[in-house]
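# Observations on the three-dimensional arrangement
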Amino acid sequence: MENNSFLDYKGNYGVNWGAQTQVVSNPLLKGPFYYHYGAKFGDIADGTSNTFAMLEMIQAPSAASDPIDRRGRPWNEDSSCYQLSSDLSPNSRAPDRGTCVNRPEKNLPCINGGSIAQYTLASRSRHTGGVQVMMCDASVQFLSDSIDILTYRALSSQAGGEVAGLPQ
Amino acid sequence: MSRFYRDRFSWISTVALIGVGFIAITGCSPGDNRQALKGTVTWQDSPLPKGVITLYPKGDGSTVGCEVIDGKFSIAESNGATPGKYRVEILAFRPTGKSEFDIDQNKKVSIEEQFLPKQFNSSSTLEAEVVAGKPNSFDFDLKPGK
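The text that follows walks through the structure, step by step, so that each part is easy to find. (Residues numbered from 1 in each chain as written. Chains lettered and ligands numbered in written order. Predicted model: local features only at pLDDT ≥ 70, side-chain atom pairs only at ≥ 80, totals over all residues.)

## Here's the deal with the overall build of chain B
Per the secondary structure count, chain B includes 1 helix and 9 strands. When the helices and strands of chain B are placed in sequence order, the string is α-β-β-β-β-β-β-β-β-β. Relative to its 146 residues, chain B shows a buried fraction of 23%. Sequence-distant contacts, at least 24 apart, represent 62% of the contacts inside chain B between residues at least 6 apart. (Helix = DSSP H or I, 4+ residues; strand = E, 2+ residues; numbered from the N terminus. Buried ≥ 20, exposed ≤ 12 C-beta atoms within 10 Å, placed from the backbone. Contact = placed C-beta atoms within 7 Å.)

Right under this line is the structure:
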């Protein structure tokens with residue numbers, strides 16, 4: 001893989017893509033910021049209080065000598081930059097899939113390569129036990145790493161019709 | 001240093017020393033009890049060429065996973081699962097024959113598709129129970145309609 005040939009810029013919140021690997025078979029499971037898409041408030045049928053807008057992410061290292069790891073690029077519309085999906089739980093030890101470098105010791109495990117069918121980035125943070133998320137009503141919540149995966153996915157889809165609210 | 005602070009200081013030091021001693025003995029942070037995992041995945045009686053297996057905890061714990069290559073997977077203890085029950089999801093990928101240019105990788109990448117039925121991933125009924133101190137080996141024999 002090519003190295004960074006430029007100064008990179010990284011951010012620490014990404015937008016909600018929904019349950020990425022399931023969107024192909026069920027478009028209602030997409031998130032409000034899915035690929036080539038932007039939701040209107042009326043499209044968020046599950047409710048703005050029950051749908052993620054943004055989730056926390058970790059900035060992958062991007063020194064000039066590093067191989068390219070796109071994770072944390074808010075400026076780049078290519079996949080696996082800032083588009084977070086609910087295929088994997090928050091702070092998952094299972095690897096992200098995309099153009100990235102495997103760094104499990106930094107809470108940034110990765111399977112490099114693939115295409116749109118594989119791409120998935122988990123929400124990740126540097127604090128123990130969970131991640132901060134912002135819902136579409138602009139409220140901010142803390143989610144535990146061990147949130148039930150089906151609840152997590154229901155909160156990431158905008159119109160899946162699931163009966164799910166934030167864990168109390 | 002007043003007497004109050006001195007007493008308090010020694011109390012904190014004692015607790016800190018016990019903590020350091022505990023970490024030194026267990027070699028890791030308290031509660032970290034990860035187990036290595038391995039196993040096989042077959043699809044229609046053949047080893048699954050290329051996929052991903054993910055285990056989601058049914059209680060406390062973290063999600064773990066890895067690639068499946070030629071029907072085999074293995075997760076080292078350092079990235080392993082803590083004992084308990086897990087929901088298992090398996091995705092598998094195959095080329096669509098199409099490709100797209102990726103500017104960062106500076107090459108054409110094959111566009112792939114996920115082809116396993118949803119009863120093995122989004123609506124999975126697959127489970128695994130991770131047990132401490134035993135070989136955690138899991139074999140998943142996937143067949144359509146099963």
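## A short note on the interface of chain B and chain A
One frequently used descriptor of interface size is the decrease in accessible area upon assembly of the parts. Across the boundary between the two partners, chain B contributes 25 residues, which contact 25 residues of chain A. Within the residue set of the side of chain B that touches chain A, elements represented by two or more residues are strand E3 (50-57), strand E4 (64-69), strand E6 (84-102) and strand E7 (107-114) of chain B. At 6 residues, E7(B) tops the list of elements feeding residues into the side of chain B that touches chain A. Residue classes in the side of chain B that touches chain A are distributed as 7 nonpolar, 11 polar and 7 charged. (Nonpolar A, V, L, I, M, F, W, Y, C, P; charged D, E, K, R; others polar.)

## Comments concerning the environment of Ala45(A)
Residue and element names in this part refer to chain A. Position of Ala-45 relative to the elements: it lies in the loop between helix H1 (20-23) and strand E2 (52-56). Along the chain, Ala-45 and Ala-122 lie 77 residues apart, while their C-alpha atoms are 24 Å from each other. Excluding its chain neighbours within four sequence positions, the residues that come into contact with Ala-45 are Gln-158 and Ala-159.

## Section: the sheet that holds strand E7 (residues 140-144) of chain A
Residues and elements named next belong to chain A. The sheet built from 5 strands is open, its strands ordered E3-E1-E2-E6-E7 with mixed pairing. Two strands bound the open sheet, and with one partner strand each, they are strand E3 (83-85) and E7. Sheet twist, expressed as the average angle between the axes of neighbouring strands with direction ignored, equals 40°. Pairing between strand E6 (residues 130-135) and E7: 5 bridges, direction antiparallel. Note that in E7 the partner of Met-134 across the bridge is Val-140. (Pairing = 2+ DSSP bridges. Axes fitted to C-alpha atoms, helices over the stretch in contact; angles between N-to-C directions.)

## Focus: the environment of Ala128(B)
All names here are of chain B. Turning to its location among the elements, Ala-128 is positioned in strand E8 (residues 127-130). Taking the C-alpha atoms as reference points, Ala-128 and Asp-139, 11 residues apart in sequence, are found 9.7 Å from one another. With residues near it in sequence (within four places) discarded, Ala-128 still touches Leu-55, Tyr-86, Val-88 and Phe-138.

## What about unusual backbone geometry?
All names here are of chain A. The phi angle at His-36 is positive, at roughly 55°, despite the residue not being glycine. Inspection of the secondary structure assignment puts His-36 in the loop between H1 and E2. The class of His-36 is exposed, set by 5 C-beta atoms lying within 10 Å. For Asn-91, which is not a glycine, the phi torsion comes out positive at approximately 55°. Within the fold, Asn-91 resides in the loop between E3 and strand E4 (96-98). With 24 C-beta atoms packed within 10 Å, Asn-91 lands in the buried category.

## Brief notes about helix H2 (residues 149-156) of chain A
Taken across its 8 residues, H2(A) has 6 buried, putting it largely inside the fold. Buried within H2(A) we find Ile149(A), Tyr152(A), Arg153(A), Ala154(A), Leu155(A) and Ser156(A). On its buried face, H2(A) is in contact with strand E1 (13-18) and E2 of chain A together with E3 and E6 of chain B.

## Some remarks on the pairing of E6(B)
Residues and elements named next belong to chain B. Summarising the sheet, E3 and E6 pair through 7 bridges and their orientation is antiparallel. Within E6, the residue paired with Ile-53 across the bridge is Ile-90. Relative to E8, E6 runs antiparallel, the two sharing 4 bridges. Along E8, the bridge assignment pairs Arg-87 with Glu-127.

## Details of the environment of Trp17(A)
Residues and elements named next belong to chain A. As for its position among the elements, Trp-17 is in strand E1. Taking the C-alpha atoms as reference, Trp-17 lies 20 Å from Ser-146; in sequence the two are 129 residues apart. Beyond its immediate chain neighbours, meaning those up to four positions away, Trp-17 contacts Gly-31, Phe-33, Tyr-34, Gln-83, Leu-84 and Ser-85.

## Some details on the nonpolar core
Nonpolar side chains tend toward joint burial in soluble globular proteins. Phe52(A), Leu55(A), Val133(A), Val41(B), Ile53(B) and Ile90(B) are the most contacted members of the largest nonpolar core, which totals 55 residues. Only E2, E6 and H2 of chain A together with strand E1 (37-43), E3, E4, strand E5 (72-75) and E6 of chain B provide two or more residues apiece to this core. No other element matches the 6 residues that E6(B) contributes to this core. (Core = buried A, V, L, I, M, F, W, Y, C linked by C-beta atoms within 7 Å.)

Purely spatial values, then, with no claim about function.
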